[in-house]
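# Architecture at a glance
Residue strings, one per chain:
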Amino acid sequence: MTENDLPDSLIRTMRNARRVVALTGAGISAESGVPTFREAQTGLWETYEPLDLATPEAFERDPRLVWEWYEWRRKLVDAAEPNAGHRALVELEYWLPDFTLVTQNVDGLHQRAGSRSVIELHGNITRSICSAERTPIDPGLTELAPPPCPQCGASLRPDVVWFGEALPAAAILDATESARSCDVFFSIGTSSLVQPAASLPEAATRSGAIMVEINPEKTPLSSRADYVLRGPAGEVLPALVSAIYS
Ligand code: BV8
């Protein structure tokens, strides 16, 4: 998708916008080589369903399996680089008076791209916490899977929100506040299936925001978007930023 494919009315709206929110999902990291959450897992993990592993019950049942799954994903993320889509959002943060980036992703690529304020709804797999005290702990180099907490001996776990767990209260509150008070809300690279994140676009439109979806595929949100930019974030976002600010 090039700048010419972008609706003039959207470019004008963005030039006049003051407060913009972008919600991102696994799709924005796809072009960095990080598999999306629902893409078939590869290799050793192809027989596992992420939804079955990313739960407290799975960790309770088989802590080693779940810890090793996250180790595998951490290595994928460490080897990945932010892409043009991540970098375009850094530019939007630079140019706009009030820009809020809310991510469902746990890969930390927005921060590595240079985004300064990122609301992480689902945590970050590059961080570990004690499963009992929930204090951040660096596991260091260890063969133990999962390593024990040096303070209390309980297992360490990834600092992510599993299915069935509550999101960090401040994160979902700040994200909802921003959605309710923005002029334009972007939903980028998400299947719009996971709650409560998937309710943020509706909170924005109910408060009068223009809602834009960026995704190569149709999602349950598409029919309610004011604009659907049907393409990969790594192409659409740079084209949008260049059309607005060139
Ligand atoms: C909670 C961390 C309650 C772990 C993740 C109804 C209402 C409320 C809740 C529920 C409900 N029904 C069910 C629930 C429970 C559940 C839920 O939503 N389930 C879903 C499956 C229906 N929600 C929860 O459990 C949440 N907690 O509700 O708690 C509570 C309250 C108080 C006290 C106790 C409990 C917790 C949800 C968080 C789960 N953790 N991640 C980990 O990653 O290991 S979510 C996980 O899915 C990832 O974070 C991922 O980001 C997220 C969402 O997926 P997407 O990002 O959308 O990724 P996906 O692969 O699905 O889609 C990718 C998209 O990208 C596609 O559309 C594709 O077309 C597009 N794409 C591909 N390439 C590109 C692209 N787009 C742009 N460019 C490209 N190049």
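Attention in this report is confined to the structure presented alongside it. Note that the coordinates shown come from a computational prediction; the quantities given were computed from them, not determined experimentally.

Attention now moves to the packing of aromatic side chains. Per the stated rule, a full pass over the model turns up 5 aromatic pairs. Seen in terms of ring centroids, Tyr 70 and Trp 162 are 6.2 Å apart; in terms of plane orientation they differ by 50°. Their pairing is tilted. Here Tyr 70 is found in helix H5 (residues 63-79), whereas its partner Trp 162 is found in the loop between strand E5 (156-160) and helix H8 (169-180), with 92 residues between them in sequence. Relative to Trp 95, the ring of Tyr 94 has its centre 5.1 Å away and its plane inclined at 85°; by these criteria the two rings are edge-to-face. Judged by relative accessible area, Tyr 94 falls into the exposed class, the value being 63%. Of the residues examined, Trp 95 reaches a relative accessible area of 46% and is grouped as partly exposed. Each residue in the set Phe 59, Trp 69, Tyr 70 and Trp 162 is aromatic and connected to the rest through ring pairs, giving one cluster. It is Arg 74 that lies over the ring of Trp 67; its NZ or CZ is 4.9 Å from the centre. Between the NZ or CZ atom of Arg 157 and the centre of the ring of Trp 162, over which it lies, the distance is 3.8 Å.

The nonpolar side chains of soluble globular proteins are, as a tendency, buried together. Formed by 30 residues in total, the largest nonpolar core has its most connected members in Met 14, Leu 89, Phe 186 and Ile 188. Those elements that place two or more of their residues in this core are helix H1 (8-16), strand E1 (19-24), helix H6 (84-95), strand E2 (98-103), strand E6 (184-188), strand E7 (210-214), strand E8 (227-229) and helix H10 (233-245). A per-element tally of this core places H10 first, with 8 residues. Among residues more than four places away in sequence, those in contact with Leu 89 are Ala 22, Thr 24, Ile 28, Phe 99, Leu 101, His 110, Ile 188 and Leu 237. In this structure, Leu 167, Ala 179, Ala 204 and Ala 209 belong to the second largest nonpolar core, which totals 21 residues.

About the criteria used
The residue count restarts for each chain, going from 1 along the sequence in the order it is written. For this predicted model, a pLDDT threshold of at least 70 governs which residues receive local features, and a threshold of 80 or more governs which side-chain atom pairs are given and counted, while totals over whole chains, interfaces and linings are taken from all residues. Processing note: side-chain calculations cover all non-hydrogen atoms of the structure and skip hydrogens and water entirely. The pairing test for Phe, Tyr and Trp rings, Trp by its six-membered ring, is centres within 6.5 Å, and the orientation test on the planes gives stacked under 30 degrees, edge-to-face over 60, and tilted for anything in between. Where helices and strands are cited, they refer to DSSP runs of H or I of at least four residues and of E of at least two residues respectively, numbered from the N terminus. Remark: exposure states derive from per-residue accessible area (1.4 Å probe, protein chains only) relative to the maximum for the residue type, with buried under 20%, exposed over 50%, and partly exposed in between. Look at NZ for Lys and CZ for Arg. If either is within 6 Å of the ring centre and within 35 degrees of the ring normal, a charge sits over the ring. Nine residue types can take part in a nonpolar core, namely buried Ala, Val, Leu, Ile, Met, Phe, Trp, Tyr and Cys, and a core is a set of them joined through side-chain atoms within 4.5 Å. The criterion used for residue contact is that any of the two residues' heavy atoms lie within 4.5 Å.

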